[in-house]
Amino acid sequence: MTRRALPILAALAALPFAAPAMAKPGPLAGALGAPDDLAISATVRTRVEGIDGQFRPSPATADSLFSLRTTLAIEYDAGPVRFGGELWDARAYGEAPNSSITTSDVNTLELVQAYAKIELGNWKKGAKGGHGLLTLGRQTMDIGSRRLVARNRFRQTTNGFTGANLEWTTHGSTRLQAFWTMPQIRRPDDAQGLRDNKVKFDLETARVQFFGAHLTLPDVLGGVLETYGYRLAEQDGDNRLTRNRRLWTLGARTFARPAVGKWDHDVEGAWQFGTARRSAAAADMADLDVSAWFLHAEEGYTLKAAWKPRFAVLFDAASGDSGRAGHYRRFDTLFGARRFDFGPTALYGALQRTNIVSPGLRLEAEPDKRTDVMLSYRALWLENPRDAFATTGVRDAKGASGRFAGHQGEVRLRHWLVPALLQAETGGAVLFKQGFLRDAPNAPASGNSVYGYFDLTLTL
């Protein structure tokens, strides 16, 4: 141990530590006879999925995929500090030669988390002040609504970050989160490596930095109020080309959670500014002024009935780019998740918080304690007719194909075959192409897009 490290350890020892709250041990820890200070958990998920009537201009009209995702998490309670790690192994098989799979589908044998967690403050009930958690190292993060920073769940792979993350909560439940990280760059990121499920470790670099703060205030506007500011700064280097995004994202959200016999709401908006390039091409050296935005609004009501049905009215919109010289208006969703707002991703994933205007309806119900079901419908327009619609890649640079893109219907059913151990999930989506998705110059003549999937997830 170096002399330079001694003052740091002494300072940590002087902090008002609380007894660390260990993760609940699962059946795997019990089966292995793990001691109380060692938490072990694992998941294994298999999925079969397929799409016909592709909406993307270039990939296969029809594609299918069998995927396997395995995770293993271990955390050791060393007293004032907890040490942990999590291994992810996501693989895909049987895809078409020109499949749309990306690093969102394949990330083999990756140590996504490797951290030390230090608990700070006074965790005793009724004590003054507050308590905090400082996480150092590789980690995943869910922040706020998860629309801009998320640990992915439906997706095969997850966003990972390397750095420092401080969460502080007062005993009045006001919460501040501040972080500085280097986002993990998932690999393999080449077509052949993805097809071969090649083991190639992720990397992080100081040339891509992501930092910011998020504040949560309870009992405001009939619910909870969140405000946040994020900074993403990237530049070319290390044999990698980027869009040189230097973005600030400022936003706010107010929400009230669903409850039986009550109205709930979720309203969030963000403005994005800074500079970026339109592409990562080596010849693209123009830094453009960014001004972009997104909005989500949702109002729901849960009936007092056996199935607890919840009806919700939805509205989502996000800016698109007009192609105007020197300016860029396409909203960047950063490291957010989208499945809960826009439907399945994986081989599907047509919708995203960019160049979209979409009102919709959703129905959720719980027939029994093991089962939940969801139905949703969305109408689809482009915010800017000159930009690509959402994540479809379909574009009319002249804006002559109109704004209306069609409709999307979605269904999902989840059922615990063995409570808390084995869950089955099935669902699908249909993209009914209209107007723009049929008439744009590069729109594929492949008919409506039909997607379906089936999951089995074992949690240990």
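1. Side note on the overall build of the chain
Right, so step 1: Helices and strands together make up the secondary structure of the chain, namely 5 helices and 19 strands.
Right, so step 2: For 460 residues, the compact-globule estimate of 2.2 N^0.38 gives 23 Å, and the C-alpha radius of gyration of the chain, at 23 Å, lies within 12% of that figure.
Right, so step 3: Sorting the 460 residues of the chain into buried and exposed places 49% on the buried side.
Right, so step 4: For the chain, contacts bridging at least 24 residues in sequence account for 63% of all contacts bridging at least 6.
Right, so step 5: In the structure as shown, the chain presents an accessible area of about 21,000 Å², 61% of it carried by carbon and sulfur atoms.

2. Some details on the side chain of Lys117
Right, so step 1: By the secondary structure assignment, Lys117 is in strand β4 (residues 107-121).
Right, so step 2: Despite its burial, Lys117 remains without a salt bridge, the nearest opposite charge being carried by Glu75 at 4.3 Å.
Right, so step 3: When near neighbours in sequence (up to four residues on either side) are disregarded, Lys117 contacts Glu75, Pro80, Val81, Arg82, Leu133, Leu134 and Thr135.

3. Focus on unusual backbone geometry
Right, so step 1: Omega for the bond connecting Arg187 with Pro188 falls within 30 degrees of zero, at 5°, which places this linkage in the cis form.
Right, so step 2: In this structure, Pro188 sits in the loop between β7 (175-183) and α3 (191-195).
Right, so step 3: Unusually for a residue other than glycine, Lys308 sits at a positive phi of about 50°.
Right, so step 4: Inspection of the secondary structure assignment puts Lys308 in the loop between β12 (288-302) and β13 (310-318).
Right, so step 5: Owing to a relative accessible area of 41%, Lys308 belongs among the partly exposed residues under this scheme.
Right, so step 6: The backbone phi angle of Ala346 is positive, close to 50°, even though this residue is not glycine.
Right, so step 7: In this fold, Ala346 is placed in the loop between α4 (339-342) and β15 (356-368).

4. Thoughts on the packing of aromatic side chains
Right, so step 1: In this structure the tally under the stated criterion is 17 aromatic pairs.
Right, so step 2: A centroid spacing of 6.5 Å and a plane angle of 35° characterise the contact between Phe66 and Tyr93, whose relative ring orientation is tilted. With a gap of 27 residues between them, Phe66 in strand β2 (residues 62-77) and Tyr93 in strand β3 (residues 81-93) connect regions that are remote in the sequence.
Right, so step 3: Relative to Trp248, the ring of Phe211 has its centre 6.4 Å away and its plane inclined at 90°; by these criteria the two rings are edge-to-face. With Phe211 in strand β8 (residues 208-220) and Trp248 in strand β10 (residues 246-256), this residue pair connects regions lying 37 residues apart in the sequence.
Right, so step 4: Pairwise contacts between aromatic rings join Phe161, Phe179, Phe210, Tyr228, Tyr230 and Phe335 into one cluster.
Right, so step 5: Positioned over the ring face of Tyr115 is Lys117, at 4.8 Å from the centre of the ring.
Right, so step 6: Sitting over the face of the ring of Phe255, Arg253 holds its NZ or CZ atom 3.9 Å from the ring centroid.

5. Comments concerning the pattern of salt bridges
Two side chains that carry opposite charge are able to pair once their charged atoms sit near each other.
Right, so step 1: Evaluated as defined, the whole model comprises 33 salt bridges.
Right, so step 2: Put simply, Arg245 and Glu234 hold a salt bridge, and the shortest N to O gap is 2.8 Å. Placement of the pair is Arg245 in the loop between β9 (223-234) and β10 and Glu234 in strand β9, with a sequence separation of 11 residues.
Right, so step 3: With its nearest N and O atoms 3.4 Å apart, the salt bridge here joins Arg362 to Glu298. Taken together, the residues span a long stretch of sequence, with Arg362 in strand β15 and Glu298 in strand β12 at a distance of 64 residues.
Right, so step 4: Looking at Arg362, the relative accessible area reads 10%, which means it is buried.

6. Points about the pairing of β10
Right, so step 1: Pairing of β9 with β10 involves 10 bridges; the strand directions are antiparallel. Paired with Gly229 across the two strands is Leu250, which belongs to β10.
Right, so step 2: Alignment of β10 against strand β11 (residues 263-276), held across 11 bridges, turns out to be antiparallel. The partner of Ala252 across the bridge, within β11, is Gly269.
Right, so step 3: The turn joining β10 and β11, which pair antiparallel and follow one another in sequence, is formed by 6 residues; a positive phi near 75° is taken by Gly261.

7. Details of the side chain of Gln184
Right, so step 1: Of note, Gln184 is situated in the loop between β7 and α3.
Right, so step 2: Here Val112 takes part through its backbone oxygen, which lies 3.1 Å from a polar atom of the side chain of Gln184.
Right, so step 3: Looking at Gln184, its side chain comes within polar contact range of the main-chain oxygen of Phe161, at 3.5 Å.
Right, so step 4: Each residue touching Gln184, except ones within four places of it in the same chain, is listed here: Val112, Arg138, Gln139, Gly160, Phe161, Thr162, Asp202, Leu203 and Glu204.

8. What to know about the environment of Gly452
Right, so step 1: Turning to its location among the elements, Gly452 is positioned in strand β19 (residues 449-459).
Right, so step 2: Between the C-alpha atoms of Gly452 and Gly212, which are 240 residues apart in sequence, the distance is 37 Å.

What counts, and where the lines are drawn
Residues numbered from 1 in each chain as written. Predicted model: local features only at pLDDT ≥ 70, side-chain atom pairs only at ≥ 80, totals over all residues. Heavy atoms only, no water. Helix = DSSP H or I, 4+ residues; strand = E, 2+ residues; numbered from the N terminus. Rg over C-alpha atoms; globule rule 2.2 N^0.38 Å. Buried < 20%, exposed > 50% of the residue type's maximum accessible area, 1.4 Å probe, protein only. Contact = heavy atoms within 4.5 Å. Areas by Shrake-Rupley, 256 points an atom, 1.4 Å probe, with all protein chains shown as cover. Lys, Arg positive; Asp, Glu negative; His and termini not counted. Salt bridge = Lys/Arg side-chain N within 4 Å of Asp/Glu carboxyl O. Phe/Tyr/Trp six-rings, centres within 6.5 Å; stacked < 30°, edge-to-face > 60°. Lys NZ or Arg CZ within 6 Å of the ring centre and 35° of its normal. Pairing = 2+ DSSP bridges. Polar contact = N/O pair within 3.5 Å; in protein donor to acceptor, adjacent residues only side chain to side chain.

Remember that the coordinates give geometry; whether it matters functionally is a separate question.
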